[in-house]
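# Reading the structure
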Amino acid sequence: MFSLFKKAVAPVATINGVALAMQPRETVLQAALRHGLAFPHSCRVGGCATCKCLLLTGKVKELTSAAYVLTEQELAAGYILACQSVPTQDVAIEVAFDGAGAKRITGRITGQQQLTHDICRLTVQLEAPLEYKAGQYAQLVLASLPAYERNYSFATPSRADGVLQFFIKHMAGGRFSSHVNQHSVLNETVTVTGPHGDFWLRAADAPLMLIAGGSGLAPVLALLQDAVQQGVQRDATLMFGVRRREDLYALDEIETLARNWRGRFVFVPVLSEQTDWAGASGLVPQHLATHLPAGAHAYLCGPPAMVDACAASLIEQGVAAAHIHADRFTTITRET
């Protein structure tokens, strides 16, 4: 006796040269974690791009569209979201295991300062120092909210004394951000896991164009402060997009950066909803052509719509996609 029907053979996913047997309807991320690989991930619902990876060969079925969190350039290059990709045939994938060296360290909240009506600065004293690259992020868990793990960028460079800072933007309905912005969490225990992310300053001599929106200023400030400490000598332009004058914050830190910067430093705040404002108004992309240094490398951080619009404008003005580095602050991962 024999069967007229062939048993379906599960595809194989080869991740950074390691072949993994897939199970039916399993995503690339699920397979990687099941096999014990430290695959970078966070939200698992296609909202954060932490698990983005390069599909070298083969095909996948996407459970949800990656267009919201990946740029057109990344999609064209073959990047996919591992958490939303089910292989339909053998695939080969390349990924940077940026979180492979992540550590989980307990700390205590020693500072809580309201920077604007909806952004709070948390200062954390860790039990041990945490090394990270300025621009990266960590996962935070409060003792009072153990079921809500959220990702936030470091707002300062790594310090030997274990002191960290984060900017927490209040999101409507966000359990973590609402709690931090509306209640005292001083002296509360917090668990910090990191570092994660690939947003950091690359070595080069080119001028810097840095663009931040809202709480996206956190990693940009950390990057710039670290550059000062490292003696970086590159001209820099910082554009900061907010709605109104009262949404501007960390101006003292920016002034200190400008004073200590080894090179030309230009700060351009852009207000989208302020009528009595003599400075740049409207949206940041409208002002890029005016302030973009020739041959600049760009670092963008903030809401996805702003980041994508700025990236598209930069490319139109001749900035190579390889010289545009971005961190999109999606709310699905951070605040659902």
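Structure's up top.
Going along each chain's sequence as written, the residues are numbered from 1 onward. pLDDT decides what is reported in this predicted model: residues at 70 or higher carry local features, side-chain atom pairs at 80 or more are listed and counted, and totals for whole chains, interfaces and linings draw on all residues regardless. The side-chain values count all of the structure's non-hydrogen atoms but skip hydrogen atoms and water molecules.

Another point: the overall build of the chain. Counting from the N terminus, the helices are the DSSP runs of H or I reaching at least four residues and the strands are the DSSP runs of E reaching at least two. Along its length, the chain carries eight helices and 19 strands. We take the radius of gyration over the C-alpha atoms and set the globule estimate at 2.2 Å times the residue count to the 0.38 power. The C-alpha atoms of the chain give a radius of gyration of 21 Å, which matches the 20 Å a tight globule of 336 residues would have. Principal-axis analysis of the C-alpha atoms places the extent of the chain at approximately 85 × 50 × 40 Å. Within the chain, the fraction of its 336 residues that count as buried is 52%. When charges are counted, Lys and Arg contribute as positive and Asp and Glu as negative, whereas His and the chain ends are disregarded. Throughout, a charge is located at the NZ atom of Lys, the CZ atom of Arg, the CG atom of Asp or the CD atom of Glu. Positive and negative charge centroids in the chain, built from 27 and 28 side chains respectively, lie 6 Å apart. A 1.4 Å probe rolled over the protein chains alone gives each residue an accessible area, and that area as a share of the maximum for its type sets the label: buried under 20%, exposed over 50%, partly exposed in between.

Among the six residues in strand β10 (residues 137-142), six count as buried, and that is most of the element. Of the two faces of β10, both are covered, the one formed by Tyr-137, Gln-139 and Val-141 as well as the one formed by Ala-138, Leu-140 and Leu-142. We treat two strands as partners when DSSP finds at least two bridges between them. Relative to strand β11 (residues 150-153), β10 is paired through four bridges, and the arrangement is antiparallel. Bridge pairing in β11 links Gln-139 to Asn-151. When β10 meets strand β13 (residues 189-196), the two strands line up antiparallel, connected through five bridges. Pairing of Gln-139 across the sheet is with Thr-193, part of β13.

Bringing the side chain of Thr-237 into the picture now. The residue Thr-237 is located in strand β15 (residues 236-242) in this model. Once residues within four sequence positions are removed from consideration, Thr-237 is found in contact with Leu-208, Met-209, Leu-210, Val-266, Val-268, His-291 and Pro-293. Residue contacts are counted whenever heavy atoms from the two residues lie within 4.5 Å of one another.

Turning to its location among the elements, Asn-260 is positioned in helix α5 (residues 251-260). With relative accessibility at 41%, the residue Asn-260 sits in the partly exposed group. Along the primary structure Asn-260 and Leu-55 are separated by 205 residues, whereas in three dimensions their C-alpha atoms are 43 Å apart.

What follows concerns the nonpolar core. Where a protein is soluble and globular, its nonpolar side chains tend to be buried together. We call a set of buried Ala, Val, Leu, Ile, Met, Phe, Trp, Tyr and Cys residues a nonpolar core when their side-chain atoms join them within 4.5 Å. If you look at the biggest cluster of nonpolar residues, it comprises 31 residues, and the most contacted ones within it are Phe-167, Leu-210, Leu-217, Leu-224, Tyr-249 and Phe-265. Taken together, the elements giving at least two residues each to this core come down to β14 (208-213), α4 (217-229), β15, α5, β16 (265-271) and β18 (297-302). Once you skip the residues sitting within four places of it in the chain, Phe-167 turns out to touch Leu-115, Ile-119, Cys-120, Arg-121, Tyr-152, Ala-155, Ser-215, Ala-218, Leu-221 and Tyr-249.

This paragraph deals with the pairing of strand β1 (residues 12-15). Judged by which residues are buried, β1 turns out to be one-sided: Ala-13 and Ile-15 face inward and are buried, whereas Val-12 and Thr-14, on the alternate face, are not. Two strands pair when backbone bridges link them, and β1 and strand β2 (residues 18-21) are joined in this way by four bridges, in the antiparallel orientation. Among the inter-strand pairings, Ala-13 is bridged to a residue of β2, identified as Leu-20. In textbook terms, the turn of a hairpin is the stretch between consecutive antiparallel strands, and for β1 and β2 this stretch comprises two residues, one of which, Asn-16, has a positive phi near 50°. Where β1 and strand β7 (residues 91-94) come together, three bridges link them in parallel fashion. When the sheet's bridge partners are listed, Thr-14 is paired in β7 with Ala-92.

Pairing within the open sheet is mixed, and its five strands lie in the order β2-β1-β7-β3-β5. Of all the strands in the sheet, just β2 and β5 (79-81) have a single pairing partner and so form its edges. This sheet shows a mean twist of 35° between the axes of neighbouring strands, independent of strand direction. Orientation is described by axes fitted as lines to C-alpha atoms, over the contacting stretch for helices, and by angles from 0 to 180 degrees between their N-to-C directions.

Aromatic pairs are defined between Phe, Tyr and Trp rings, using the six-membered ring for Trp, whenever the two ring centres lie within 6.5 Å; interplanar angles under 30 degrees are classed as stacked, those over 60 as edge-to-face, and all others as tilted. Under the definition given, this model contains seven aromatic pairs. Taking the centre distance of 3.6 Å and the plane angle of 10° together, the rings of Tyr-132 and Phe-154 count as stacked. One end of the pair, Tyr-132, is in the loop between β9 (119-126) and β10; the other, Phe-154, is in the loop between β11 and β12 (163-169), and 22 residues separate them in sequence. Their ring planes at 75° and their centres at 6.1 Å tell us that Phe-199 and Tyr-299 sit as a pair that is edge-to-face. Of this pair, Phe-199 sits in the loop between β13 and β14 while Tyr-299 sits in strand β18, and the two are 100 residues apart along the sequence. Residue Tyr-299 is classed as buried on the basis of its relative accessible area, which comes to 0%. An aromatic cluster of at least three residues, connected via ring pairs, comprises Tyr-132, Phe-154 and Phe-166.

This part covers the packing of α4 against α5. Where α4 meets α5, the axes come as close as 10 Å, and the angle between the chain directions of the two elements is 30°. In terms of orientation, α4 lies roughly parallel with respect to α5. The crossing of α4 and α5 is left-handed. Each of Leu-217, Leu-221, Leu-224, Gln-225 and Val-228 in α4 lies in contact with α5, whose residues at this interface are Glu-253, Ile-254, Leu-257 and Asn-260. Each residue receives one of three labels: charged for Asp, Glu, Lys and Arg, nonpolar for Ala, Val, Leu, Ile, Met, Phe, Trp, Tyr, Cys and Pro, and polar for the others, Gly being one of them. When its residues are assigned to classes, the contact of α4 with α5 shows six nonpolar, two polar and one charged. Angle categories: roughly parallel below 35 degrees, roughly antiparallel above 145, roughly perpendicular from 65 to 115, and oblique for all the rest. For any pair of crossing helices, the crossing counts as left-handed if the nearer helix is rotated counterclockwise from the farther one by less than a right angle, and right-handed if it is rotated clockwise.

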